[in-house]
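Residue-level listing of the chains:
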Amino acid sequence: MHHLRRVLLGLFSITTISMFVSSAQAADKADCISVADMNDIVASFSQFQHLKGKEFCYDGSTDSALLEAIMFMRNTQFASTMPASHDELFSGKFATSWWKYFTGRINKFNVQQNCPEGAAAYVIGFFGGHTMYVCPLMLTGSLTALDRASIYMHEARHIDGFPHVTCSHGPRKGINGACDDNIKDSGSYAVTVETYAQLGKYATDLNPAMMAYAQASAVVYANDAFEVPVNIDQTQNFVVMTADKQFHEVNIQGGGKQISDLGFASDLGRIIMRGVYYVLFPDDKNLPAKYVFTHNEGDLAQTPGSDAGEYNASSPQEKANFVAIHYAGNWGVRAYKNKLSVSCDPQAGVKSDLNISGTPVSFIYPNGYDREARMVFLMMANGTVMEVGCKSKTQPYQQATNMSFDRPFTRMYKSGNAVVGLGADGKIYQVNGQTSTPITTPFDGQIYELLAHKNFTFF
Ligand SMILES: [Zn+2]
């Protein structure tokens, strides 16, 4: 039996990432492994015997990626006390030495060339012994040493048992090995959530962007990878970005209105939700898409998934043709100025182009951003709204809807019980069916982007 660790967020295509981005985000770490550290590693992993007694400097090779994650496990420092969360994000059950836990269960890496789409690594039940099989995805720029360390812990847990099940609902519905039953069982996906939550809350030497990324990753796995819903304490509101690149939180839940200033983005551009991550596609078409965080956390040198990898590998002219992307669980669609590219079966790697009449503006979410739904709404420049989705794994479709609004909108999200739209006039409006009411802000006319947003109590 294969125990996969799947990285399924926004699964879309099997196109390879264009480049290996060395995860030097932990920039305060040395770029080399000392002789003493290397000798320790060789004592647990004899496959690195040829490196014994030597200093090893990261070089972008497969060994380098594996070793960097090992060093991440060995070096990352945590707070001296790590209280459990009040929800189910962090129990602390796996908080003591990750390196000891890992080397107690895994003693060999075996790099594979062919793996199912979305699989990062796996172990093979009883007959696989203590070998961890590593998939090409694990070695791409989509994953950092932080992700790899989390994967190492996840796979080590499989040595204790804890096989996965097929998800019966949620963004990973129907995907074999992409769920565990209950986070309380402390299986491999629980370890994934625990390790990310620990990094996101209690790491003492990680940069803020890595911390924010780890927090979002903990939440995504908690939301997506369990049959029994995981209890997560959270509040829901909205975030806008103004033309000066600043983020502001807008909270209108319960009929009130609270607006607070947050941090700045590094570039102006379109920001798209990928689960609870934000991906920025800069207006400057010479710049790559990247993760963006709202509290001045800075950038990550990490490609935000294979779609962004494809985007980043395209020419500025091709980038200018890109309009928006809808990140769903097990399908996805990209809107270009003149067509839609739909992937109804990402594991098969098939994409279908649909011609469209008119120009798309944005995917809109008047019913909420739902990654399980097999359809999404698309706002067109003429004010009409299309529905796009998959009828089956091989059947993408588009159809007109009778949805209409009393003014032109370029974005629309539901968060909590409120629906908010961004008008073409740079102002935001509360939307109720077809009608809308202005939400007055200090920056009316300057609002450039609108997003749904969640705050997590534990973090
Ligand atoms: Zn697994």
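In this text the structure is predicted, and so the values were computed from the model without any measurement.

Caption draft 1: Inspection of the side chain of Arg411 at higher detail. In this fold, Arg411 is placed in strand 21 (residues 409–415). Relative accessible area serves as the criterion here: at 11%, Arg411 is assigned to the buried category. A distance of 2.5 Å separates a polar atom in the side chain of Arg411 from a polar atom in the side chain of Glu449. Dropping the residues within four chain positions of it, Arg411 is found in contact with Arg270, Val361, Ser362, Ile364, Val420, Gly421, Leu422, Glu449 and Leu450.

Caption draft 2: Spotlight on the pattern of salt bridges. Tallied over the entire structure, the rule returns 14 salt bridges. Arg157 is paired through a salt bridge with Asp160; the nearest N and O atoms lie 3.0 Å apart. Among the ionic contacts, a cluster of salt bridges with common partners joins Asp307, Glu310, Arg334 and Lys351.

Caption draft 3: Representation of the environment of Lys339 within the structure. Relative to the elements of secondary structure, Lys339 occurs in strand 15 (residues 339–345). A relative accessible area of 27% means that Lys339 is categorised as partly exposed. Considered as a pair, Lys339 and Ile33 are 306 residues apart in the sequence and their alpha carbons are 49 Å apart. Discounting residues that sit within four places of it in the chain, Lys339 has contacts with Arg334, Asp353, Leu354 and Ile356.

Caption draft 4: View of the sheet that holds strand 25 (residues 447–456). Taken together, the four strands give an open sheet; going across it, the order is 9-8-7-25, and neighbouring strands pair in antiparallel fashion. In this open sheet, the two edge strands, each paired with only one partner strand, are strand 9 (258–264) and strand 25. Within this sheet the neighbouring strands show an average axis-to-axis angle of 30 degrees, counted without direction. Here strand 7 (residues 234–242) runs beside strand 25; their pairing, made up of nine bridges, is antiparallel.

Caption draft 5: Geometry of unusual backbone geometry. Its identity as a non-glycine residue notwithstanding, Lys245 has a phi of 75 degrees, on the positive side. Position of Lys245 among the secondary structure elements: in the loop between strand 7 and strand 8 (246–251). Exposure remark for Lys245: the relative accessible area of 30% places this residue in the partly exposed category. With phi around 60 degrees, Asn296 is a residue other than glycine that occupies positive phi space. Mapped onto the elements of the fold, Asn296 is located in the loop between strand 12 (290–292) and helix 7 (306–313).

Caption draft 6: Structural context of the state of the cysteines. Under the defined criterion, the tally for this structure stands at four disulfides. Each sulfur of the disulfide joining Cys167 and Cys179 lies 2.2 Å from the other. Here the disulfide of Cys167 and Cys179 is right-handed, its torsion about the S-S bond being about 105 degrees. Placement of Cys167 in the loop between helix 4 (145–159) and helix 5 (188–202) and of Cys179 in the loop between helix 4 and helix 5 is noted, with a sequence separation of 12 residues between them. On the basis of relative accessible area, Cys179 is assigned to the buried category, the value being 0%. Residue Cys344 pairs covalently with Cys390 via a disulfide, S to S 2.0 Å. One disulfide, between Cys344 and Cys390, carries an S-S torsion of -90 degrees and so falls in the left-handed class. One end of the pair, Cys344, is in strand 15; the other, Cys390, is in strand 19 (residues 385–392), and 46 residues separate them in sequence. You'll find Cys344 and Cys390 in the same group, each marked buried. If one numbers only the bonded cysteines of the protein chain, in the order they occur, the disulfide pattern is 1-2, 3-4, 5-6, 7-8.

Caption draft 7: Region of the structure containing the side chain of Gln198. Take Gln198: it is sitting in helix 5. On the basis of relative accessibility, which here comes to 1%, the residue Gln198 falls in the buried class.

Caption draft 8: The packing of helix 2 (residues 62–75) against helix 4, seen in detail. Interaxial distance between helix 2 and helix 4 falls to 8 Å at its minimum, and their mutual angle equals 80 degrees. With respect to helix 4, the axis of helix 2 lies roughly perpendicular. The residues of helix 4 that touch helix 2, namely those facing Ala65, Leu66, Glu68, Ala69, Ile70, Phe72 and Met73, are Ala145, Leu146, Arg148, Ala149, Tyr152 and Met153. Its residues placed into classes, the contact of helix 2 with helix 4 shows 11 nonpolar, no polar and two charged.

Caption draft 9: Seen up close, helix 5. Taking 1.5 Å per residue as the helical rise, helix 5 with its 15 residues ought to reach 21 Å, and the 20 Å between its terminal C-alpha atoms agrees with that figure. Judged by how many residues are buried, helix 5 sits mostly within the fold: 14 of 15 residues are covered.

Caption draft 10: Quick look at the confidence of the model for the protein chain. Here the protein chain averages 90 in pLDDT, and 93% of its residues register 70 or above. Of all the helices and strands in the protein chain, strand 1 (residues 2–6) carries the lowest mean pLDDT, 53, while strand 18 (residues 375–380) carries the highest, 98. Scored below 50 in pLDDT, residues 8–29 makes 74 contacts in the model with residues more than four places away or belonging to other chains.

Caption draft 11: Fine view of the sheet that holds strand 24 (residues 435–439). An order of 21-22-23-24 is seen for the four strands of this open sheet, with the pairing classed as antiparallel. The sheet is open, and its two borders are formed by strand 21 and strand 24, each paired with just one other strand. Going from strand to strand, the sheet's axes swing by 30 degrees on average, the running direction of each strand aside. Relative to strand 23 (residues 428–432), strand 22 (residues 418–423) runs antiparallel, the two being bridged by three bridges. Opposite Leu422, over in strand 23, you have Ile428 as the bridge partner.

Caption draft 12: Region of the structure containing the packing of aromatic side chains. Applying the stated criterion to the full structure yields 28 aromatic pairs. On the numbers, 5.2 Å between centres and 10 degrees between planes, the contact of Tyr122 with Tyr133 is stacked. Taken together, the residues span a long stretch of sequence, with Tyr122 in strand 5 (residues 119–124) and Tyr133 in strand 6 (residues 131–134) at a distance of 11 residues. Taking relative accessible area as the criterion, Tyr122 reaches 7% and is therefore assigned buried. For Tyr133, a relative accessible area of 15% puts it in the buried group. Arranged with centres 5.2 Å apart and planes meeting at 20 degrees, the rings of Tyr365 and Tyr413 form a pair that is stacked. Within this pair, whereas Tyr365 is found in the loop between strand 17 (360–364) and strand 18, its partner Tyr413 is found in strand 21, the two being separated by 48 residues in sequence. Here a set of aromatic residues connected by ring pairs shows up, and it is made of Phe45, Phe48, Trp99, Phe102, Phe109 and Tyr152. Over the ring of Tyr101 we find Arg105; its NZ or CZ atom is 3.7 Å from the centre of that ring. Cation over ring: Lys339 sits above Tyr336, and NZ or CZ is 5.3 Å from the ring centre.

Rules behind the numbers
- Residues numbered from 1 in each chain as written.
- Predicted model: local features only at pLDDT ≥ 70, side-chain atom pairs only at ≥ 80, totals over all residues.
- Heavy atoms only, no water.
- Helix = DSSP H or I, 4+ residues; strand = E, 2+ residues; numbered from the N terminus.
- Buried < 20%, exposed > 50% of the residue type's maximum accessible area, 1.4 Å probe, protein only.
- Polar contact = N/O pair within 3.5 Å; in protein donor to acceptor, adjacent residues only side chain to side chain.
- Contact = heavy atoms within 4.5 Å.
- Salt bridge = Lys/Arg side-chain N within 4 Å of Asp/Glu carboxyl O.
- Pairing = 2+ DSSP bridges.
- Axes fitted to C-alpha atoms, helices over the stretch in contact; angles between N-to-C directions.
- Disulfide = S-S within 2.5 Å.
- Parallel < 35°, antiparallel > 145°, perpendicular 65-115°, else oblique.
- Nonpolar A, V, L, I, M, F, W, Y, C, P; charged D, E, K, R; others polar.
- Expected span 1.5 Å × (residues − 1).
- pLDDT = per-residue confidence, 0-100.
- Phe/Tyr/Trp six-rings, centres within 6.5 Å; stacked < 30°, edge-to-face > 60°.
- Lys NZ or Arg CZ within 6 Å of the ring centre and 35° of its normal.

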